[in-house]
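# Tertiary structure, described
Here is how the chains run, residue by residue.
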Amino acid sequence: MKKILVLAAALALAASSCAFALPIVLTEPQKSGGPGIFDTLAARVSAPEQDFTREELTLDELSTILWAATGQNGAESWTVPVIMGRDPNVSVYVMLKDGGYLYNWEKNALMEVNADRKILRRAVNQDFAKTAPCLLIFVDRGIINMNELAALATGAMSQNAALAAQALGLDARFMTTFNRTAIEETLNLGPVMNIMGVLAVGRQ
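Residues numbered from 1 in each chain as written. Predicted model: local features only at pLDDT ≥ 70, side-chain atom pairs only at ≥ 80, totals over all residues. Heavy atoms only, no water.

### Some thoughts on helix α3 (residues 59-70)
With 12 residues, α3 extends 16 Å between its outermost C-alpha atoms, agreeing within 8% with the 16 Å of an ideal straight helix rising 1.5 Å per residue. Regarding α3, the residues found buried are Glu61, Leu62, Ser63, Thr64, Ile65, Leu66, Trp67, Ala68, Ala69 and Thr70. Looking at the packing, one finds that the buried side of α3 touches β2 (90-96), β3 (99-104), β4 (109-114), β5 (134-140), α5 (150-167) and β7 (194-202). (Helix = DSSP H or I, 4+ residues; strand = E, 2+ residues; numbered from the N terminus. Expected span 1.5 Å × (residues − 1). Buried < 20%, exposed > 50% of the residue type's maximum accessible area, 1.4 Å probe, protein only. Contact = heavy atoms within 4.5 Å.)

Below, the structure is given as structure tokens:
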């Protein structure tokens with residue numbers, strides 16, 4: 001009887017761990033409507049260095065911003081320039097108040113990497129950025145002969161994400177100063193992977 005109870009407890013623990021690691025499936029991104037591209041460009045501005053509100057992004061907002069950053073808008077075309085139709089050599093990680101995730105553009109889902117609720121504050125150095133409910137981390141995957149394109153891809157991806165945030169009425173600021181060691185450890189980044197920048201997104 002005791003062995004059965006121990007086995008049941010182990011199975012329950014394993015089940016809870018699996019459930020905890022289930023991906024967050026995002027909603028369909030917004031691909032039409034909203035302000036026009038020229039109106040969005042005219043209104044685009046980096047968020048000031050002041051605290052964000054506590055309001056978190058909705059799944060709709062996250063989905064739209066991430067799709068803008070690195071999504072397909074056709075069978076062989078992307079929302080950002082790519083080489084030979086391949087996906088950008090830059091992955092987008094997402095830090096939220098409940099942990100860190102890797103964005104899977106094929107499944108339009110967030111794959112859990114770390115459930116630490118303190119990673120947001122450790123990832124950045126600026127006090128205002130620590131209040132952001134969402135950080136997008138752009139990471140060069142270190143693919144051979146593709147490294148020189150990572151900066152170009154990051155620029156296009158972060159600008160698309162910032163424009164999408166602007167169109168949704170959100171505030172965003174791109175940063176090149178951050179706590180590199182904390183991010184690498186938190187997201188379990190490999191030795192050839194390189195953090196290219198961080199985009200803080202929220203409401204001010």
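Structure's up, so let's keep going.
### Describing a nonpolar patch on the surface
On the surface, a nonpolar cluster with roughly 350 Å² of combined accessible area is contributed by Ile37, Phe38 and Leu41. Position of leucine 41 among the secondary structure elements: in helix α2 (residues 37-43). (Patch = residues over 30% accessible without salt bridge, like charges linked within 9 Å, V, L, I, M, F, W, Y side chains within 5 Å. Areas by Shrake-Rupley, 256 points an atom, 1.4 Å probe, with all protein chains shown as cover. Salt bridge = Lys/Arg side-chain N within 4 Å of Asp/Glu carboxyl O.)

### Considering the nonpolar core
Counting residues in each nonpolar core, the largest one holds 28 residues, and the members touching the most others are Ile65, Leu110 and Leu136. Put simply, the parts of the chain that give this core at least two residues each are α3, β2, β3, β5, α5 and β7. At six residues, the largest contribution of residues to this core is made by α5. With sequence-adjacent residues up to four places away left out, leucine 136 is seen in contact with Ile65, Leu66, Val92, Tyr93, Val94, Ala161, Gly197, Val198 and Leu199. With 23 residues, the next largest nonpolar core counts Phe52, Leu135, Val139 and Leu189 among its residues. (Core = buried A, V, L, I, M, F, W, Y, C linked by side-chain atoms within 4.5 Å.)

### Notes on α5
The end-to-end C-alpha distance of α5 is 25 Å, a good match for the 26 Å that 18 residues give at a rise of 1.5 Å each. Residues of α5 that are buried include every one of Ala150, Ala153, Thr154, Met157, Ser158, Ala161, Ala162, Leu163, Ala164 and Ala165, and no others. Of the surrounding elements, those touching the buried residues of α5 are α2, α3, β2, β5, β6 (171-175) and β7. Once α5 finishes, glycine 169 follows within two positions and takes phi at roughly 80°, a positive value.

### Here's the deal with the confidence of the model for the protein
A residue-level look at the protein finds 87% of positions with pLDDT of 70 or above and a mean pLDDT of 87. Put simply, helix α1 (residues 2-20) is where the protein has its lowest mean pLDDT, 43, and β6 is where it has its highest, 98. Segment residues 1-19 is flagged for pLDDT under 50; beyond a separation of four residues in sequence, or across chains, it makes zero contacts in the model. (pLDDT = per-residue confidence, 0-100.)

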